[in-house]
Amino acid sequence: MGSVTTQSPDPRTSTDRRATTDRRATISLFSRLRTAEGQADPFPFYAELRARGSVSPAPWGGHLVTGYATCEHVLRNGVWLEPDSKWREQQGARTRWSAPSSREISRTLPALNPPEHTRVRRSAGTFDRSTIDRMGHQVRRTVDDLLDVFRERLEAGEADFSALVAEELPVATIGAWLELPSADWPRLRELTHDQVFTQELLPNASQLARSDFAMTELRAYFLQLVRERRGRMGDDPVSQWIRTWDELEPDQDKADEAVYFLALFVLLAALETTATMLSTAALHLVEDPDRWTLLAQQPDLVPSFIEETLRYDAPTHVISRVAGQDTVLEDTQVKAGEMVHLMVGAAHRDPARFPDPDRFDPRRNPNHLAFSWGIHYCLGAPLARLEAHTLLRHMIDRLPRLALVRRPERAPRVAFRRLMNLDVTTA
Ligand code: HEM
């Protein structure tokens with residue numbers, strides 16, 4: 001007689017079982033997403049995530065939001081706050097939020113909530129029309145110089161557009177604006193690449209250690225810069241911030257610290273994001289010869305091409321917020337203090353918002369969330385656009401048509417996209 005195995009009845013309801021299966025599937029999805037292979041094409045993963053609903057549970061706690069309208073609602077609505085220093089302290093000493101780099105970044109502008117955010121944002125000033133016009137001359141000169149070097153390399157065979165142009169333009173632009181010695185730019189750029197992990201979605205311990213080290217170096221560099229600048233005040237933004245903070249803050253050490261946080265964050269915010277946008281735009285341009293023809297015939301489409309680049313594959317794919325009070329997001333209850341991750345990269349492909357969302361359409365000129373929305377809307381958006389428009393126009397004018405030599409490699413992350421190379425040759 002064969003043995004009979006009796007299965008004890010599973011006490012969990014089918015809803016519980018479904019939740020466990022979804023949780024496991026989401027964990028597996030994120031482990032694939034954070035690899036270089038996953039980053040090469042994250043959009044099928046996002047489609048899987050969206051299939052679970054516009055708001056779904058994050059396996060590590062909190063919620064994932066993939067719907068465009070819901071992401072925009074969260075960014076515009078004052079109920080949702082930045083994970084500020086108080087919130088980070090509440091998460092406990094053994095969490096990523098207690099890492100020194102996390103504590104340091106929590107004192108910069110994008111991690112502040114009102115009323116502190118309002119005060120610091122006002123002190124930062126803006127990239128108004130006349131500032132952008134002034135910076136335009138410098139950006140055009142830098143682009144010309146970089147394209148000269150790039151053309152020379154191209155004559156010898158293939159050239160890495162990312163290393164020679166896209167990574168160089170943002171650091172040269174911000175470095176010159178802040179009046180930082182050009183000998184320091186390569187080191188500062190490397191430190192910003194390392195520091196980004198503390199702002200990543202799921203950093204591991206060694207990545208956090210790299211961020212901690214980078215942040216210590218950056219702190220020493222910028223505090224020293226502020227002290228030196230006091231000795232030779234001029235019209236540069238650091239001097240202007242010193243004047244502003246001397247009026248707001250009677251204690252000079254505290255004023256210096258406030259200026260340090262502004263200078264630090266401008267550097268962090270301006271380098272990798274802009275470099276990724278420039279490389280991604282160049283990739284879209286070279287991978288389809290029709291796009292090059294279109295822009296050569298209609299250079300007025302350059303701004304629309306850039307907005308579509310920012311929608312189609314934004315430099316930042318995740319923006320996080322915490323609930324300031326118990327609330328409901330769509331049909332999901334969110335408790336005060338719980339985090340939501342706005343999956344901007346996914347929201348930008350939401351078919352409810354963008355018709356035919358997986359098609360790159362240079363004429364679409366879309367609205368998007370690449371620069372966020374609401375009170376934290378990116379301060380540097382006009383500068384990023386200036387760099388991108390100048391570069392694309394000069395590429396079309398000055399370069400021979402280019403072809404991709406190989407698919408670019410991507411950094412293994414989730415929130416901050418990064419192309420490690422963009423190897424091209426003459427078409
Ligand atoms: C393509 C390039 C860029 C992208 C995609 C980008 C993206 C963003 C995003 C998503 C935020 C908001 C984060 C949040 O809501 O929590 C932000 C904030 C910010 N960005 Fe940018 N950024 C870019 C370039 C720049 C540049 C060039 C600068 C400075 C020169 C800059 C300075 C800032 C600052 C100061 C904030 C904080 C604003 C606040 O919290 O009030 N960004 N950026």
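Just above, that's the structure.
Here's what I pulled together on the structure shown here. (Residues numbered from 1 in each chain as written. Predicted model: local features only at pLDDT ≥ 70, side-chain atom pairs only at ≥ 80, totals over all residues. Heavy atoms only, no water.)

**Some details on the overall build of the protein**
Moving on, step 1. If you tally the helices and strands in the protein, you get 19 helices and 10 strands.
Moving on, step 2. When the backbone C-alpha atoms are referred to their principal axes, the protein occupies close to 90 × 60 × 35 Å.
Moving on, step 3. The proportion of buried residues among the 427 residues of the protein is 53%.
Moving on, step 4. Sequence-distant contacts in the protein: of pairs separated by 6 or more residues, those separated by 24 or more amount to 71%. (Helix = DSSP H or I, 4+ residues; strand = E, 2+ residues; numbered from the N terminus. Buried < 20%, exposed > 50% of the residue type's maximum accessible area, 1.4 Å probe, protein only. Contact = heavy atoms within 4.5 Å.)

**Things to note about the sheet that holds strand E9 (residues 402-404)**
Moving on, step 1. Strand order in the open sheet formed by three strands is E4-E10-E9, and the pairing between neighbours is antiparallel. Because the sheet does not close on itself, it has two edges, and the strands there are strand E4 (159-160) and E9.
Moving on, step 2. Sheet analysis places E9 next to strand E10 (residues 423-426), joined by three bridges and oriented antiparallel. Bridge pairing links Ala403 to Thr425 in E10. (Pairing = 2+ DSSP bridges.)

**A word on the site of the ligand**
Moving on, step 1. By nearness alone, 26 residues border the ligand, and His117, Arg121, Ser372, His376 and Cys378 come closest of all.
Moving on, step 2. Side-chain polar atom of Ser372 to an oxygen atom of the ligand: 2.7 Å apart, as the coordinates give it.
Moving on, step 3. Elements represented by at least two residues in the shell around the ligand include exactly helix H7 (116-124), helix H14 (252-270), helix H15 (272-287), strand E5 (319-323) and helix H19 (381-398).
Moving on, step 4. Split by residue class, the shell around the ligand holds 17 nonpolar, six polar and three charged. (Near = heavy atom within 4 Å. Polar contact = N/O pair within 3.5 Å; in protein donor to acceptor, adjacent residues only side chain to side chain. Nonpolar A, V, L, I, M, F, W, Y, C, P; charged D, E, K, R; others polar.)

**A word on the pairing of E10**
For a regular strand, the rule is simple: side chains alternate between the two faces of the sheet.
Moving on, step 1. Two strands pair when backbone bridges link them, and E4 and E10 are joined in this way by two bridges, in the antiparallel orientation. Across the sheet, residue Asp160 finds its bridge partner in E10, namely Asp423.

**A closer look at the coordination of the iron atom of the ligand**
Moving on, step 1. Among protein residues, the single donor to the iron atom of the ligand is Cys378 (SG), with a metal-donor distance of 2.3 Å.
Moving on, step 2. Structurally, Cys378 is set in the loop between helix H18 (344-347) and H19. (Donors = N, O, S within 2.8 Å, 3.2 Å for Na, K, Ca; no water.)

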